[in-house]
Amino acid sequence: MTPMGRKQAFHVALDLGTHKTAVLLAAMQDHEPQVIGLGTAPAAGMRRGVVVNIEQTVQSIRRAVHEAEVMADCEIQSVVVSVSGNHVNGFNSQGMVPIRGREVTSSDIDHVLEAARAVRLAPDRHILHVLPQEYVVDDQRGIREPEGMAGVRLEARVHVQTGSTPVVENVIKCCNKSGIAVSQVIFAPLASAEAVLTAEERELGVALIDIGGGTTDLLIYEGGAVQHTWVLPLGGNHITNDIAAGLQTPPGEAEKLKQRLGCAVASAVRSDERIEVPSVGGRGPRVLSRQILAEIIEPRVEEILNLVANEVADARADGHLRAGIVLTGGTAGLDHIATVAERVFHLPVRIGSPGRTGGLGDIVSGPAYATGVGLLQLAARMGSDAVISPASAGMIAKVRTRMGDWFREFF
Ligand SMILES: Nc1ncnc2c1ncn2[C@@H]1O[C@H](COP(=O)(O)OP(=O)(O)OP(=O)(O)O)[C@@H](O)[C@H]1O
Ligand SMILES: [Mg+2]
């Protein structure tokens, strides 16, 4: 991007969600990104975390980009973009290289990470991120920074996240067609985690659950690193659909009712509270009990969280979450959702919000902006100024080459 008359580092995040497209533009101040431009647009071309309509997605990106540019008086040229969807999966892997009694060098670390990522993938899949968990020098485990240590062999244990190549290419294509280049592609919940988790939580063991519009993303951290990844293609939009069907109201009205008056625990709503529900087909509004609205919401929230809890149990991680559960994403704004999560997980639960980040920080302080703010923080920490020109062939190859180095420092 071109700062007009200002010499400063800038970063731009594009959170391509199922519910909304958000562009956050930040200027660096004292090594912290300060949001100075924000643009949002409804994400009409996305379903369950993935692009299903290129043209609609391009329109939505253009709108959000334009809004952020006008607000910040800047021209956006490249972005760090998020990807999600249940095509993304994660597995643990390891690699080993001989050291033969020398000191471990930076290039040994490169080689051992190369070895750890050298797994056979289906032809239509590629590696999004290689996240180091620990290094082992001879028999000594739990090493974070092996450089300079002496040993006979160096081992790396990593968590590898892979995605469907065409699905990720569609994201890049939509950006390019909107006139912007992509400097990095980041799996959305990694960005959310950056914005809302503390280092202590990641160390002790925590489950980050990002409940958006079309997906619920789960990342399990322990020992400071990601141990497990999972994406459930269900989210807040499904709650809205249930309300629309159950109360026979248009989806737009169901969305408003959910956000303004929804509650995830029916018994927490007073039985005499009444709400006005618009009807479909020109009929007049009806007055119903607010408890009925909560009775529709509660089982869907429970279903989503139960599915996540089953996955946590299958990953044998339930005994390891000493810092409990952190809920984020727009649906974490639902009244009483933490109560339901506590009931489902039998663990302490908190809502993770990015908090104030200066500039427009107040506006992006809610859980719906966790991914956007986290993308900015990652971009700022790792440096993503480099612009990669739009290209149709080998799009991912160009973006990917930079991602390896990136997460090496991430740890
Ligand atoms: N106050 C609120 N109460 C209940 N639900 C809310 C509230 N605010 C936002 N939501 C819901 O959060 C969802 C959007 O969350 P978010 O913006 O994190 O989604 P997204 O990132 O666009 O989608 P995804 O991550 O699934 O691709 C919508 O379903 C919306 O209805
Ligand atoms: Mg999201």
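This one's a predicted model, so the numbers in the text were calculated from it and none came from an experiment.

Each helix and strand counted, the protein chain has 11 helices and 20 strands in total. Compactness check: the protein chain gives a C-alpha radius of gyration of 22 Å against a globular reference of 22 Å for 411 residues, within 12% of the reference. Its C-alpha atoms put the protein chain at 80 × 55 × 45 Å along the principal axes. Per-residue burial for the protein chain yields a buried fraction of 55% across its 411 residues. Relative to all contacts within the protein chain whose residues are 6 or more apart in sequence, the contacts with residues 24 or more apart total 68%. Accessible surface for the protein chain amounts to roughly 17,300 Å². Of this, 49% is attributable to carbon and sulfur atoms. Charge separation in the protein chain, taken as the distance between the mean sites of 38 positive and 46 negative side-chain charges, equals 5 Å.

With that settled, the discussion passes to the sheet that holds strand E2 (residues 10–16). Strand pairing within a sheet occurs via backbone hydrogen bonds; the two strands may be parallel or antiparallel. The sheet built from five strands is open, its strands ordered E4-E3-E2-E8-E13 with mixed pairing. The open sheet has two free edges, formed respectively by strand E4 (32–42) and strand E13 (181–187), since each of these has just one partner strand. In this sheet, adjacent strand axes meet at a mean angle of 25° when their direction is disregarded. Taken together, the 10 bridges between strand E3 (residues 20–29) and E4 define a ladder with antiparallel strand orientation. Paired with leucine 24 across the strands is leucine 38, a residue of E4. Running over the sheet, helix H1 (residues 54–72) touches E2, E3 and E4 and is turned about 140° from E4. Running over the sheet, helix H4 (residues 188–196) touches strand E8 (78–83) and E13 and is turned about 80° from E13.

This part covers the site of ligand 1. Residues in close proximity to ligand 1 total 19 residues, the closest being Thr18, Gly214, Glu255, Lys258 and Gly330. In the model, an oxygen atom of ligand 1 is placed 3.1 Å from a nitrogen or oxygen of the threonine 331 main chain. Taking 650 Å² as the accessible area of ligand 1 by itself, protein coverage stands at 90%. At the level of elements, helix H6 (236–247) and helix H7 (251–261) are the ones that each hand at least two residues to the shell around ligand 1.

Tracing the sequence through the fold places histidine 87 in the loop between E8 and strand E9 (89–98). Under the relative-accessibility criterion, histidine 87 is labelled buried at 11%. Polar contacts involving the side chain of histidine 87 include one to the main-chain carbonyl oxygen of serine 84, which spans 2.9 Å. Only 3.0 Å separates the side chain of histidine 87 from the backbone nitrogen of serine 164, close enough to count as a polar contact.

For the structure shown, the criterion picks out zero disulfides. Just so you know, cysteine 74 is unpaired, no disulfide at all, and the nearest cysteine sulfur is the one on cysteine 175, 18 Å from it. Exposure remark for cysteine 74: the relative accessible area of 5% places this residue in the buried category. As a non-bridged cysteine, cysteine 175 has cysteine 174 as the owner of its nearest cysteine sulfur, 7.0 Å distant. Residue cysteine 175 is classed as buried on the basis of its relative accessible area of 0%.

Rules of the game
Numbers given to residues run from 1 along each chain, matching the order in which its sequence is written. For naming, the first written chain is A and the first written ligand is 1, with later ones following in the order written. The predicted origin of the model limits local features to residues at a pLDDT of at least 70 and limits the giving and counting of side-chain atom pairs to 80 or more, whereas totals for whole chains, interfaces and linings rest on all residues. Just so you know, side-chain values use all the structure's heavy atoms and leave hydrogens and water out. The numbering of helices and of strands both runs from the N terminus, where a helix is a DSSP run of H or I of at least 4 residues and a strand a run of E of at least 2. Atoms counted for the radius of gyration: C-alpha only. Globule rule: 2.2 Å times residue count to the power 0.38. For every residue, the accessible area (1.4 Å probe, protein chains only) is compared with the maximum for its type, and the residue is labelled buried under 20%, exposed over 50%, or partly exposed between those bounds. We call two residues in contact when some of their heavy atoms are within 4.5 Å. Methods summary: accessible areas were calculated by the Shrake-Rupley approach with a probe of 1.4 Å, and residue burial reflects only the protein chains presented. Under this rule, positive means Lys or Arg and negative means Asp or Glu; His and the chain ends count for nothing. In this description, the location of a charge corresponds to atom NZ of lysine, CZ of arginine, CG of aspartate or CD of glutamate. Pairing between two strands requires that DSSP report at least two bridges joining them. Axes here refer to lines fitted to C-alpha atoms; in helices the fit is confined to the stretch in contact. Angles between the N-to-C directions go from 0 to 180 degrees. We define proximity as follows: a residue is near a molecule or strand when any one of its heavy atoms falls within 4 Å of that partner. Here a polar contact is taken to be a pair of N or O atoms separated by no more than 3.5 Å, where protein atoms must pair a possible hydrogen donor with a possible acceptor and residues adjacent in sequence count only if both atoms sit in side chains. Criterion for a disulfide: a pair of cysteine sulfur atoms at a distance within 2.5 Å.

By themselves, these observations are geometric and do not establish any function.
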